Amino acid sequence: MERLIGLPLFYLSDPVVIGLSVVGWVAWSLVIGYLGHRLPLSLLERDTCLTQPRIWGEERNGYEHHLRIRCWKDRLPEAGDFFPGGFRKSAIGGKDSASMARFLAETRRAEYVHMAIWPFWMATMLWTPGWGILINLAVGTALNLPCIWVQRYNRMRIQHVLQQREQRQSHP
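Explanation requested: the packing of helix 1 (residues 14–37) against helix 6 (residues 130–170) in the structure shown.
How two helices pack is summed up by the angle between their axes together with the distance between the axes. It is at 12 Å that the axes of helix 1 and helix 6 come closest, and there the two elements cross at 25°. Judged on the interaxial angle alone, helix 6 and helix 1 are roughly parallel. Regarding helix 1 and helix 6, the two cross each other, and that crossing is right-handed. Of the residues in helix 6, those touching helix 1 at Asp-14, Val-17, Ser-21 and Trp-25 are Trp-131, Asn-136, Val-139, Gly-140 and Asn-144.

Laid out in structure tokens, this is it:
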């Protein structure tokens, strides 16, 4: 498995491969994080085909029972306010509908960012032999998939609360 599709394009020592991969992940994450930070809120107000619940019946209960997400989600790092003017999702301003709508938008932003960071493992094929590609795939998945799950779970929770409020207001 040393040569996967004629890759890597050039051969480097293992320490250089590891160093390039680490620096690449950090740099790519910063670039994508910044671009995600710059997305206007108007693009984040509604779910898209990427962020909407999956057709197989994705539900909050699945995240709670199968992934036990409530046990570990608060241990993940929060980088929503890494760039000036960012939104720290753990410090939601209030429980009013406007704050919750902003929170929903920010979960979409975070999900897009993590979806865009993950494919960097493919770029590592340019300098990484087969074993390193698999490691980069595992690292990219381990560092981004849990974050995507948390964003999706939180969005479903907030949407549920907002739907309950709408029902209460329409049927007093």
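Where do I start with unusual backbone geometry in this structure?
Backbone phi values are negative for most residues with the exception of glycine, while trans is the configuration of most peptide bonds. Despite not being glycine, Arg-68 has its phi angle at roughly 50°, a positive value. Take Arg-68: it is sitting in the loop between helix 2 (60–65) and helix 3 (69–72). For Arg-68, a relative accessible area of 54% gives the class exposed.

Which parts of the structure should I look at to understand the nonpolar core?
Nonpolar side chains in soluble globular proteins tend to end up buried together. Formed by Val-17, Trp-25, Ile-32, Val-113, Ile-117, Phe-120, Trp-121, Met-125, Trp-127 and Ile-133, the largest nonpolar core amounts to 10 residues. Counting only elements with at least two residues in this core, the list comes to helix 1, helix 4 (97–117) and helix 5 (120–123). The biggest single contributor to this core is helix 1, with 3 residues. Excluding residues within four positions of it along the chain, Val-17 makes contact with Leu-12, Trp-127, Thr-128, Pro-129 and Trp-131. Phe-87, Met-100, Phe-103 and Leu-104 belong to the second-largest nonpolar core, a separate cluster that totals 6 residues.

What is the right way to read the layout of surface pockets from this model?
Rolled over the atoms, a probe sized like a water molecule indicates the empty space that remains. Counted as a void, the second largest pocket has a volume near 210 Å³. In terms of lining, the second largest pocket is formed by 14 residues, of which the most central are Trp-56, Glu-58, Tyr-63, Leu-67 and Trp-149. Those elements that place two or more of their residues in the lining of the second largest pocket are helix 2 and helix 6. Here the lining of the second largest pocket takes 4 residues from helix 6, the largest share from any one element. Taken together, the residues that form the lining of the second largest pocket break down as 6 nonpolar, 3 polar and 5 charged.

In this structure, what is going on with the environment of Gly-57? I would like to understand it.
Here Gly-57 lies in the loop between helix 1 and helix 2. For the pair Gly-57 and Lys-95, spaced 38 residues apart in the sequence, the C-alpha separation amounts to 27 Å.

Help me out: how do you make sense of the pattern of salt bridges in this one?
Pairs may arise between side chains of opposite charge once their charged atoms sit close together. As enumerated under the stated definition, the model contains 9 salt bridges in all. Lys-73 is the salt-bridge partner of Asp-74, the closest N and O atoms lying 3.5 Å from each other. For Asp-74, a relative accessible area of 66% translates into the label exposed. Accessibility expressed as a relative area gives 16% for Lys-73, which makes it buried.

How do you make sense of helix 1 when you look at a structure like this?
Because an α-helix packs 3.6 residues into every turn, residues spaced three or four apart end up facing the same way. In this model, helix 1 (24 residues) spans 34 Å end to end at C-alpha, consistent with the 34 Å of a helix rising 1.5 Å per residue. Looking only at helix 1, the buried set comprises Val-17, Ser-21, Gly-24, Trp-25, Ile-32, Gly-33 and Gly-36. Those residues of helix 1 hidden inside the fold are in contact with helix 4, helix 5 and helix 6.

Procedures and definitions
Residues numbered from 1 in each chain as written. Predicted model: local features only at pLDDT ≥ 70, side-chain atom pairs only at ≥ 80, totals over all residues. Heavy atoms only, no water. Axes fitted to C-alpha atoms, helices over the stretch in contact; angles between N-to-C directions. Helix = DSSP H or I, 4+ residues; strand = E, 2+ residues; numbered from the N terminus. Parallel < 35°, antiparallel > 145°, perpendicular 65-115°, else oblique. Left-handed = near helix turned anticlockwise from the far one by under 90°. Contact = heavy atoms within 4.5 Å. Buried < 20%, exposed > 50% of the residue type's maximum accessible area, 1.4 Å probe, protein only. Core = buried A, V, L, I, M, F, W, Y, C linked by side-chain atoms within 4.5 Å. 1 Å grid on protein atoms, 1.4 Å probe; cavity = no way out; pocket = protein on both sides within 12 Å on 5 of 7 lines; lining within 4 Å. Points joined across faces, edges and corners; volume = space filled by probe spheres on them. Nonpolar A, V, L, I, M, F, W, Y, C, P; charged D, E, K, R; others polar. Salt bridge = Lys/Arg side-chain N within 4 Å of Asp/Glu carboxyl O. Expected span 1.5 Å × (residues − 1).

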